[in-house]
Amino acid sequence: MKTFANILLGLFILKAAVAAPPTDAINYDTDTYEVDLYSNYDYDESSNIDQGEIEIGTVLPIVNRPILSPEPVQEEIEEDEESTPKLIDGSSPQGPLSPGVQTPEASGGISTCILCACIRTTVYCDDHNLDSVPPLPKGTTHVYLRFNKISKINKNDFSYLNKLQKIDLTSNIVSEIDEDAFRGLEQLNELSLLDNRIRQLPELPNSLNFLDVSKNRLGRKGIKQEAFKDLKDLRILYLNENSLDHIPIPLPDSLQALHLQDNNIQEMHEDTFCNTKDFSYVRRSLEDIRLDGNPINLSRTPQAFVCLPRIPVGRLV
């Protein structure tokens, strides 16, 4: 019985040995490999490694890698002189203005200097189909608003422009001007209202030396009494084609040119230009007087011209 058991055990061991894999040693072909696996590897520091040859398998897989979004960077906005918008004079549009006055940036967000043309301190807004005076930069000295459709001059249109020297509103349809529209403009030298529909002159600044109100509708009552008396620097005064029936006196001694042609002036007093009580008085500056186109005969008042360097242009017979 013991012998039979040993036989069965031997058969089992034999069967297991037959089923086992071969135990032969594996021979590596050194021709397939550039490195000797059985020798120590010496690192050569002088060798250049091409980054493109680095095995990409050494990089961590990105399949389950979390996506990191960059943290938002909060920009700090500094309100300094560089970030603050400037007007043509370098001033800020947020500067203090008179009540009710708007800057170009406040009026619909479009700067007047974009709509028009600003060259230094001069603004050109000719022929832009404007129906009102646009907000102007505070440093404006000269403004041209010719050939538009402006119908009214409001008291705040120019009141904040304390450096303004010239306003040209030629060929608009201005029929109304607020009484104090030009009052506070202490540096205003030239004002042109040529070819409009004005029926009443407002108060004028004493700084004026040029005034052109030709081709308007002043008529008999459009010019207040002694309207030009205090304009001590006035040199040029154009009032032609206004249906005037008289010469507005007194006129300042500084006057050099007075154009009154094509009105309805029928008579003139002897003291209109001269002083009949002082025959030594001479008005040397007034060399250009035009009265042609009026129903007046200048030969009827010869004493009215004795103080003048030249006889007025007009009808003598």
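Residues numbered from 1 in each chain as written. Predicted model: local features only at pLDDT ≥ 70, side-chain atom pairs only at ≥ 80, totals over all residues. Heavy atoms only, no water.

**Student:** For the state of the cysteines, give the residues involved together with the corresponding values.
**Tutor:** Counted according to the given criterion, the structure contains three disulfides. There is a disulfide in this structure between Cys-113 and Cys-118, and the S-S distance comes to 2.1 Å. Here the disulfide of Cys-113 and Cys-118 is left-handed, its torsion about the S-S bond being about -90°. Owing to a relative accessible area of 24%, Cys-113 belongs among the partly exposed residues under this scheme. In this model, Cys-274 is linked to Cys-307 through a disulfide, with the two sulfur atoms separated by 1.9 Å. Its S-S torsion of approximately -90° makes the covalent link between Cys-274 and Cys-307 left-handed. Taken as a pair, Cys-274 in the loop between β10 (257-259) and β11 (288-290) and Cys-307 in the segment after β11 lie far apart in primary sequence, 33 residues in all. (Disulfide = S-S within 2.5 Å. Buried < 20%, exposed > 50% of the residue type's maximum accessible area, 1.4 Å probe, protein only. Helix = DSSP H or I, 4+ residues; strand = E, 2+ residues; numbered from the N terminus.)

**Student:** Please give an account of the confidence of the model for the chain that cites residues and values.
**Tutor:** The predicted coordinates should not be examined in detail at positions where pLDDT is low. Put simply, the chain has an average pLDDT of 78, and 65% of its residues get 70 or more. Per-residue pLDDT stays below 50 along residues 25-109; that stretch engages in 52 contacts with residues further than four places along the chain or on separate chains. (pLDDT = per-residue confidence, 0-100. Contact = heavy atoms within 4.5 Å.)

**Student:** So what's going on with the side chain of Asp-212? Residues and values would help.
**Tutor:** Inspection of the secondary structure assignment puts Asp-212 in strand β8 (residues 210-212). Lacking a salt bridge, the buried Asp-212 has Lys-215 as its closest oppositely charged neighbour, with an N-O distance of 9.0 Å. Not counting chain neighbours up to four residues away, the residues in contact with Asp-212 comprise Leu-191, Ser-192, Leu-193, Leu-194 and Tyr-238. (Lys, Arg positive; Asp, Glu negative; His and termini not counted. Salt bridge = Lys/Arg side-chain N within 4 Å of Asp/Glu carboxyl O.)

**Student:** How would you summarise the pattern of salt bridges if you had to cite specific residues and measurements?
**Tutor:** Under the criterion given, the structure shown has ten salt bridges. Residues Lys-166 and Glu-190 are paired through a salt bridge, measuring 3.6 Å at the closest nitrogen-oxygen approach. One end of the pair, Lys-166, is in strand β5 (residues 166-168); the other, Glu-190, is in strand β7 (residues 190-192), with 24 residues separating them in the sequence. The class for Lys-166 is buried, based on a relative accessible area of 17%. On the accessibility criterion, Glu-190 (31% relative accessible area) is partly exposed. Residues Arg-220 and Asp-245 are paired through a salt bridge, measuring 2.7 Å at the closest nitrogen-oxygen approach. One end of the pair, Arg-220, is in the loop between β8 and β9 (236-238); the other, Asp-245, is in the loop between β9 and β10, with 25 residues separating them in the sequence. In this structure Asp-245 comes out as partly exposed when scored by relative accessible area, which is 24%. Through salt bridges that share partners, Asp-126, Arg-146 and Asp-168 make up one connected network.

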